[in-house]
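Letter by letter, the chains look like this.
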Amino acid sequence: MKQVVAIIKPFKLDDVRESLSEIGIQGLTVSEVKGFGRQKGHTELYRGAEYVVDFLPKLKLDIAIDDDMVDQVIEAIIKGANTGKIGDGKIFVYPLEQVVRIRTGETGSEAL
Amino acid sequence: MKFFMKIMIMFAFISTTAFSRLAYADAAATIDTGSTAWMITATVLVILMTIPGLALFYGGMVRSKNMLSILMQVFVTFSLLSVLWALFGYSIAFTDGNAYFGGLSKAFLAGITSDSIIGEIPEYVFMTFQMTFAAITPALIIGGFAERMKFSSILVFVSLWLILVYAPIAHMVWGGGWLGELGAKDFAGGTVVHINAGIAALVGALVVGKRTGYRKEAMPPHNLTMTMIGAALLWVGWFGFNVGSELAVDGTAGLVLINTQLATSAAVIGWMFAEWLLKGKPSMLGAASGAVAGLVAITPACGFISPMGSIVLGFAASFLSLWAVSGLKNALGYDDTLDVFGVHCLSGILGALATGVLMASSLGGVGYDDGITMSAQVVKQAIAVGTTLVWSGVISFILFKVIEMVMGLRVSEETEREGLDIVEHGERAYQD
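Parameters at a glance
Residues numbered from 1 in each chain as written. Chains lettered and ligands numbered in written order. Predicted model: local features only at pLDDT ≥ 70, side-chain atom pairs only at ≥ 80, totals over all residues. Helix = DSSP H or I, 4+ residues; strand = E, 2+ residues; numbered from the N terminus. Rg over C-alpha atoms; globule rule 2.2 N^0.38 Å. Buried ≥ 20, exposed ≤ 12 C-beta atoms within 10 Å, placed from the backbone. Contact = placed C-beta atoms within 7 Å. Axes fitted to C-alpha atoms, helices over the stretch in contact; angles between N-to-C directions. Parallel < 35°, antiparallel > 145°, perpendicular 65-115°, else oblique. Left-handed = near helix turned anticlockwise from the far one by under 90°. Nonpolar A, V, L, I, M, F, W, Y, C, P; charged D, E, K, R; others polar. Core = buried A, V, L, I, M, F, W, Y, C linked by C-beta atoms within 7 Å. Pairing = 2+ DSSP bridges.

## Observations regarding the overall build of chain B
Regarding its fold elements, chain B presents 15 helices and two strands. Its C-alpha radius of gyration of 21 Å places chain B within 12% of the 22 Å reference for a compact globule of 432 residues. Considering only C-alpha atoms, chain B reaches an extent of 60 × 55 × 35 Å along its principal axes. Residues classed as buried in chain B amount to 56% of the 432 residues present.

## Quick look at the environment of L140 of chain B
Residues and elements named next belong to chain B. Secondary-structure assignment places L140 in helix α4 (residues 123-141). Residues L140 and G198, 58 residues apart in the sequence, show an inter-C-alpha distance of 7.7 Å. Those residues in contact with L140 that sit more than four places away from it in its chain are L54, A197, V340 and H344.

## Overview of the packing of α4 of chain B against helix α5 (residues 151-173) of chain B
Each pair of packed helices can be summarised by the angle the axes make with each other and by the distance between the axes. All names here are of chain B. Viewed as axis vectors pointing N to C, α4 and α5 meet at an angle of 120°, and their least axial separation amounts to 10 Å. Considering their axes alone, α4 and α5 lie oblique with respect to each other. Crossing geometry of α4 relative to α5 is assigned as right-handed. Residues A134, T137 and P138 of α4 form the contact with α5, whose own contacting residues are V158, W161, L162 and Y166. The class makeup of the residues in the contact of α4 with α5 is six nonpolar, one polar and no charged.

## Quick word on the nonpolar core
Counting residues in hydrophobic clusters, the biggest one holds 138 residues, and the most contacted among them are L54, V74, L234 and L313 of chain B. Counting residues per element, this core draws most heavily on helix α3 (residues 67-94) of chain B, which supplies 14 residues. Not counting the four nearest positions on each side in its chain, L234 of chain B is found in contact with M49, G53, L54, F57, V292 and L295 of chain B. Core analysis: the next-biggest nonpolar cluster, separate from the first, contains 13 residues, V16, L20, I63 and I77 of chain A among them.

## With respect to the sheet that holds strand β1 (residues 2-8) of chain A
Residues and elements named next belong to chain A. Taken in spatial order, the four strands make up an open sheet running β2-β5-β1-β6, and their pairing is antiparallel. At either margin of the open sheet sits one strand with a lone partner, and together these are β2 (29-35) and β6 (89-95). Neighbour to neighbour, the strand axes of the sheet diverge by 20° on average, direction disregarded. Of the strand pairs in this sheet, β2 and strand β5 (residues 56-65) are connected by seven bridges, and their pairing is antiparallel. Across the sheet, the residue bridging to G35 is L56, located in β5.

## A few points about the interface of chain A and chain B
Each partner contributes to the interface: chain A provides six residues, whereas chain B provides twelve residues. Sorting elements by how many residues they give to the side of chain A that touches chain B places strand β3 (residues 42-46) of chain A first, with three residues. Residue classes in the side of chain A that touches chain B are distributed as three nonpolar, one polar and two charged.

Keep in mind that these numbers describe shape and distance, not what the molecule does.
Have a look at this one:
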């Protein structure tokens, strides 16, 4: 099993959710996060006080899947989140040791 | 036609000032119902300026952890000083005494009844109208040392300041004291309210010291939506403040109305374009700040200068205050949290001095008193400005120092980090 973590632009969430649904993904977790990459931040000016804002708001998606789904999921996220502009985000893939469904106690692929 | 209108305005002005503003002892006066109805409305409008107007304008500019502290400081200062005004302040400001202080003959409102009349309105209305001025002025000062002063120390300071600074200055300018006698013109409180509060705020900011982390950490305003609402309420309420200061419904009241609107609008536009040009973007905070700078500058001038003069004054005030809150403040490094000095004191000084110039009949103003030249009037204005700066600056400094010794001025660094809302008031403005 794999865990796919994707950092995307907040306004692309619906597109990504849609393209993931199309390939049969049945669940994901979204968190609001801040960070920076190649995309520059911006400056804010309040009267005489100038602040450089480096950390931009992004969304982080956590998706747990079977190994054979990895390429499809990556493709779907790219399809949904790509704007072609700097700051579109990144996708990370980790090995996933165990999954447990709390309600039934099912484990492994059955719990996905 | 234009000349004729000028003459009319002049006549309206002369007759009303001679009658309504100085007719304290006119026993034969009767109540004018129109003027009284307006003055009650104007009084309520000044309350609207303070709570919620000023409270929200200020509150939006602090960090969210200090929001309630600002709302409380403004709200409670306003209430506390309303009571103190009735007990002592009104009498010190508006009864006969010497050149600096009135007497205590009307302390606890002694001798005032429903039948007492000032000008053409009941004295209770006049007294309450003046009360709102006395209560908003110390509330303005709070912006200078926001986010770090102890609530208890603030209450002690504003109480003493009302008695030792506000009431005497009001007496000197409006209550029969020497600045009024001298012929210095302050229609609605450029010296009494704005210069007075602005210099006290700067002194407070210097004595209490900078906020922890000032210029090292980001301290952006937490909610500029509220600041805009607050500025808009200030703008609306200011018509009560300025127009009400005529104490009657007449031609001058109309002049004040249009002057207040034009100066404020010009200052919004001026600040916005200057900021756009110099800093790259026109900001909401800039527009709101411009409005307040324009309102401050027109306050002393509004009954004396022309509508076109008001536009010029509004633009000038916006440029001056924009420079003060960015250039001057950064160069000198003081932490006047909400720019009470840059906006209220400096635009107040500009308005007070410009009154001396723009009231010239050759510039469309109402003209000078008999035998007074422009330079003589400007000198009188400068004397009033200087007196207010020194009186308020020195006494405020002494008050802050004494309070610092007796009970401390500043919250602990830990409290400042945690936020004044939780530590001083035991509540939070926003639940996550």
